[in-house]
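# Notes for the structure review
This is what each chain is made of:
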Amino acid sequence: VILLCFRRYLITALTSCLFWNTFGLSAAMDSKPNILLFLADDLGIGDIGCYGNNTIRTPNIDRLAREGVKLTQHIAAAPLCTPSRAAFLTGRYPIRSGMASSNRYRALQWNAGSGGLPANETTFARLLQQQGYTTGLIGKWHQGVNCESFNDHCHHPLNHGFDYFYGMPFTLLNNCQENKPPELDVALQAKLWVYSQIITLAVLTLTAGKLTGLISIRWKIIACFTLVGGLFFISWYSSYGFVQYWNCILMRNHDVTEQPMRLERTASLMLKEAVSFIKRNRHGPFLLFVSFLHVHTPLFTTAKFLGKSRHGLYGDNVEEMDWMVGKILDSLDKEGLKNHTFIYFASDHGGHLEAQDGSAQLGGWNGIYKGGKGMGGWEGGIRVPGVFRWPGVLPSGTVIDEPTSLMDIYPTVVHLAGGILPQDRVIDGRNLVPLLRGRAQKSEHEFLFHYCGSYLHAVRWYQKDSGAIWKAHYVTPIFHPPGAGACYGKGICPCFGEGVTHHDPPLLFDLSRDPSEAKPLSADTEPLFDTVIRKIGRAVEEHRRTLTPVPEQLSLYNAVWKPWLQPCCGTFPFCWCDKEGDSTQV
């Protein structure tokens, strides 16, 4: 009798346990989770512990990987901030939205430029907003502000599905910090300064010649030269001479709160805003996109972290960012939201190899992968960290070595929110939920196209039946000095012109055997060479048939500074304010 009772008790307990586990998982999947997205700026895949770095301390990001899923072949859609983030927000290659450039201005240059993410693009924030989510963006935007006037806000986050915005409409630059060498359009600034000196010298020469009688010229002509020279100087110096005031600003929604921003308290303000957003919306569901200003130059780091890492200022900055991640995770725990929040961490592209100050490296490390930021084809410019966590739904400690893209976040979060993808346009991303949960073993991507601006540099083909990952390079940058692995002295590698090499036939690698892209294959060394090149060529043709002409948002006209579009917290040009005070306590 005792054995019979024990048997019945055991069956009941097991059934109950199975029921509650299944029910709990089902309930978690059926309900709408909160969604927390972390995106670092210029972080290399080799800069954090869970991807092999054992000298920079990133315990909080590493914890996300331990408690969730880590992707080892996570690919950005572009190797620079503006186009990569446009693809992330829309799930589409940036060339489809006009956010890919055919000139040397491959990212937005000014808050007062007229280019930006078009209003007819639908971001994941907009779709989640329609599903009842409260949506917020804290940090970097870099997708434009205005189109025709200083307050039309056509490209602003609030016009793209975010209910709340606090952060930088632009991006950090060396220009944002005193005593740092200028970073914005340095070559053009140098040329304009030379032209100004030439004009000044010409005016002085003509004046001296007129006074000494050596040159017969009317004073009206000299006055005209002087006027033109003055206007020329004012026209360029009014923009480049005040970059800190024009670009280095903070906004809350549509209002400018700091102009220029005070970098010593920016990290604290961002953290305070993120924690506050979570607390305000703890009853959910919410989408919070924390778009870090870290680890872009000038790497401004608060005193608490200075000198604490083994990798100088860059390492200090990475460790401060990781600390911020930890604080935001703590706020989720405090509100009891850990098990009901889908979390994602990534970088917008690879580390910036050319960022240096003398012998000091100010950019990230891309591990074993060749190249870095700005290089459209090489792995180091586009392969980034990708970490997910959702306790009780996603298996912990999982590593997935399948090709995935930052564009995949779009359909993934829309699926989790119960939304429907737009049917009137091509969505290049794929829903990752089956792969992350272990329900699917293979990526849905067969081909990924790697652009540098609007120029196709490389294509990846995932041959699923064999497991091979072929990658064909049609264009590669010319490194300087030769063999250096980057374009030192240029700031960033070009996409076209004399600074690139065109390959016919393309350079071919099998990333499954040669992830460092060290040994290009040929028809002599790879029996499938011709077959693979033909297959990729047909995929390129098919891909190009899906592209439709759109206005180029990064055209020269859209890129230039327009004073009538300048966000200003005073009366232009007297733009200065500090509405934050010292309210930085978290």
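Since the structure is predicted, the reported quantities are computational estimates derived from the model, not experimental observations.

### Quick look at the overall build of the chain
- Across its full length, the chain holds 15 helices and 18 strands.
- Considering only contacts within the chain whose residues lie at least 6 apart along the sequence, 74% involve residues at least 24 apart.
- Total accessible area on the chain stands at roughly 25,100 Å², and carbon and sulfur atoms take up 59% of it.
- Averaged over its 54 positive side-chain charges, the chain has a centre that lies 3 Å from the centre of its 50 negative ones.

### Considerations on the layout of surface pockets
- Considered as a void within the structure, the second largest pocket measures approximately 400 Å³ in volume.
- Looking at the second largest pocket, it is lined by 18 residues, and the ones nearest its centre are Arg430, Phe447, Phe449, Glu542 and His543.
- Where the lining of the second largest pocket is concerned, the elements lending two or more residues are β14 (447-452) and α14 (529-545).
- Broken down by element, the lining of the second largest pocket gets its largest block of residues, 5 residues, from α14.
- Considered class by class, the residues forming the lining of the second largest pocket number 7 nonpolar, 3 polar and 8 charged.

### A word on helix α12 (residues 409-416)
- Taken across its 8 residues, α12 has 7 buried, putting it largely inside the fold.
- Within the span of α12, buried status applies to Ile409, Tyr410, Pro411, Thr412, Val413, Val414 and Leu416.
- At the C-terminal side of α12, Gly418 shows a positive phi close to 80°.

### Here's the deal with the state of the cysteines
- Taken as a whole, this structure holds 6 disulfides when the rule is applied.
- Paired by a disulfide, Cys487 and Cys493 hold their sulfur atoms 1.9 Å apart. Since a negative S-S torsion denotes a left-handed disulfide, the Cys487-Cys493 link at about 100° is right-handed. Here Cys487 and Cys493 have matching classes, each one buried.
- Each sulfur in the disulfide pair Cys568 and Cys575 lies 2.0 Å from the other. Between Cys568 and Cys575, the S-S dihedral sits near -110°, and the bridge is therefore left-handed.
- For Cys575, a relative accessible area of 3% corresponds to the buried category.
- Each bonded cysteine in the chain gets a number by its place in the sequence, and the pairs come out as 1-2, 3-4, 5-8, 6-7, 9-11, 10-12.
- Looking at Cys81, it has no disulfide partner, and the nearest cysteine sulfur is the one in Cys176, 13 Å off.

### Section: the packing of aromatic side chains
- A full pass over the atoms with the stated rule returns 20 aromatic pairs.
- Measuring from ring centre to ring centre gives 6.1 Å for Phe242 and Trp246, while their planes differ by 45°; the resulting arrangement is tilted.
- The exposure class assigned to Phe242 is partly exposed, which follows from its relative accessible area of 37%.
- Owing to a relative accessible area of 4%, Trp246 belongs among the buried residues under this scheme.

### Some thoughts on the environment of Phe509
- Position of Phe509 relative to the elements: it lies in strand β17 (residues 500-510).
- With 49 residues separating them along the chain, Phe509 and Arg460 place their C-alpha atoms 9.5 Å apart.

### Digging into the sheet that holds strand β16 (residues 468-477)
- Pairing is antiparallel in the open sheet, where 4 strands are placed in the order β14-β15-β16-β17. This sheet does not close on itself; its edge strands, each paired only once, are β14 and β17. Across this sheet, the average inter-strand angle for adjacent strands is 15°, counted without regard to direction.
- Strand direction decides the pairing type here: β14 and strand β15 (residues 455-463), joined by 6 bridges, are antiparallel. Each bridged residue has a counterpart across the sheet, and for Phe449 the counterpart in β15 is Val459.

### Let's talk about the environment of Tyr314
- With respect to the helices, strands and loops of the structure, Tyr314 is situated in helix α10 (residues 312-334).
- Residue classification places Tyr314 among the buried positions, given a relative accessible area of 3%.
- Through-space distance from the C-alpha of Tyr314 to that of Ala202 is 45 Å; in sequence the pair is 112 residues apart.
- In this structure Tyr314 touches Asp42, Leu43, Gly44, Asp47, Val295, Leu299, Gln361, Leu362, Gly363 and Gly364, once residues within four positions along its chain are discounted.

### A few points about the confidence of the model for the chain
- Scored by pLDDT, the chain has a mean of 91; 91% of the residues are at 70 or more.
- When the criterion is pLDDT under 50, residues 9-27 qualifies, and its contacts beyond four places in sequence or with other chains add up to 3 contacts.

### Description of helix α2 (residues 59-66)
- Of all 8 residues making up α2, 6 are buried, and the element is well covered by its neighbours.
- Those residues of α2 that sit buried are Asn60, Ile61, Asp62, Arg63, Leu64 and Ala65.
- Where the residues of α2 are buried, they touch β2 (69-75), α10, β8 (341-347) and β11 (383-389).

### Observations concerning the side chain of Ser331
- Tracing the backbone through its elements, the reader meets Ser331 in helix α10.
- With relative accessibility at 7%, the residue Ser331 sits in the buried group.
- In contact with Ser331, not counting residues within four places along its chain, are Val275 and Ile278.

### Here's the deal with the pattern of salt bridges
- Tallying each qualifying case throughout the model produces 23 salt bridges.
- Here Glu67 ties to Lys338 by a salt bridge, and the two come within 3.9 Å at their closest N and O atoms. Taken as a pair, Glu67 in the loop between α2 and β2 and Lys338 in the loop between α10 and β8 lie far apart in primary sequence, 271 residues in all.
- You can call Lys338 partly exposed: its relative accessible area is 27%.
- The partner of Glu379 in a salt bridge is Lys471, with the nearest N and O atoms 2.7 Å apart. With Glu379 in helix α11 (residues 379-382) and Lys471 in strand β16, the pair connects residues that are 92 residues apart, well separated along the chain. An identical accessibility class is assigned to Glu379 and Lys471; each is buried.
- Each of Glu258, Arg262, Glu264, Arg265 and Asp578 takes part in one network of salt bridges that share partners.

### So, empty space enclosed by the protein
- Following the criterion strictly, the structure yields 7 cavities of 30 Å³ or more and no others.
- Reported here for the largest cavity is a volume of approximately 190 Å³.
- What lines the largest cavity is a set of 19 residues, among which Thr266, Ala267, Met270, Leu293 and His294 lie closest to the centre.
- Going through the elements one at a time, β3 (134-140), α9 (263-280), β7 (286-291) and α10 are the ones with two or more residues in the lining of the largest cavity.
- Looking at the lining of the largest cavity element by element, the count peaks at 5 residues for α9.
- Per-class residue counts for the lining of the largest cavity are 13 nonpolar, 6 polar and no charged.

Calculation notes
Counting restarts for each chain, with residues numbered from 1 along the sequence as it is written. Local features in this predicted model are restricted to residues whose pLDDT is 70 or higher, and side-chain atom pairs enter the listing and the counts only when it is 80 or higher, whereas totals over whole chains, interfaces and linings include all residues. The basis for the side-chain values is all heavy atoms of the structure; hydrogens and waters are excluded. Under the DSSP-based scheme used, a helix requires at least four consecutive residues in state H or I and a strand at least two consecutive residues in state E, with every element numbered from the N terminus. Throughout, a residue-residue contact means that at least one pair of heavy atoms, one from each residue, lies within 4.5 Å. All accessible areas in this document rest on Shrake-Rupley with a 1.4 Å probe, and a residue is counted as covered only by the protein chains that are shown. A residue counts as positive if it is Lys or Arg and as negative if it is Asp or Glu; His and the chain ends are not included. Charge positions come from single atoms, namely NZ of Lys, CZ of Arg, CG of Asp or CD of Glu. Points on a 1 Å grid over protein atoms alone make up a cavity when a 1.4 Å probe fits among them but cannot get out, and a pocket when they form an open set with protein on both sides within 12 Å along at least five of seven lines; lining residues each have an atom within 4 Å of a point. Grid points are joined across faces, edges and corners, and a volume is the space filled by probe spheres set on the points. Each residue is assigned to one of three groups, with Ala, Val, Leu, Ile, Met, Phe, Trp, Tyr, Cys and Pro labelled nonpolar, Asp, Glu, Lys and Arg labelled charged, and all others, Gly among them, labelled polar. Think of it in three bands: with a 1.4 Å probe and only protein chains considered, a residue is buried below 20% of the maximum accessible area for its type, exposed above 50%, and partly exposed in between. By disulfide we mean two sulfur atoms from cysteines, separated by a distance within 2.5 Å. Pairing of aromatic side chains here covers Phe, Tyr and the six-membered ring of Trp, requires ring centres within 6.5 Å, and sorts the geometry by plane angle: under 30 degrees stacked, over 60 edge-to-face, intermediate tilted. Following DSSP output, two strands are said to pair if at least two bridges run between them. Lines fitted to C-alpha atoms define the axes here, with helix axes fitted over just the stretch in contact, and angles between the N-to-C directions of these axes take values from 0 to 180 degrees. Scored from 0 to 100, pLDDT records how confident the predictor is in each individual residue. Each salt bridge in this description consists of a side-chain nitrogen of Lys or Arg and a carboxyl oxygen of Asp or Glu lying within 4 Å of one another.

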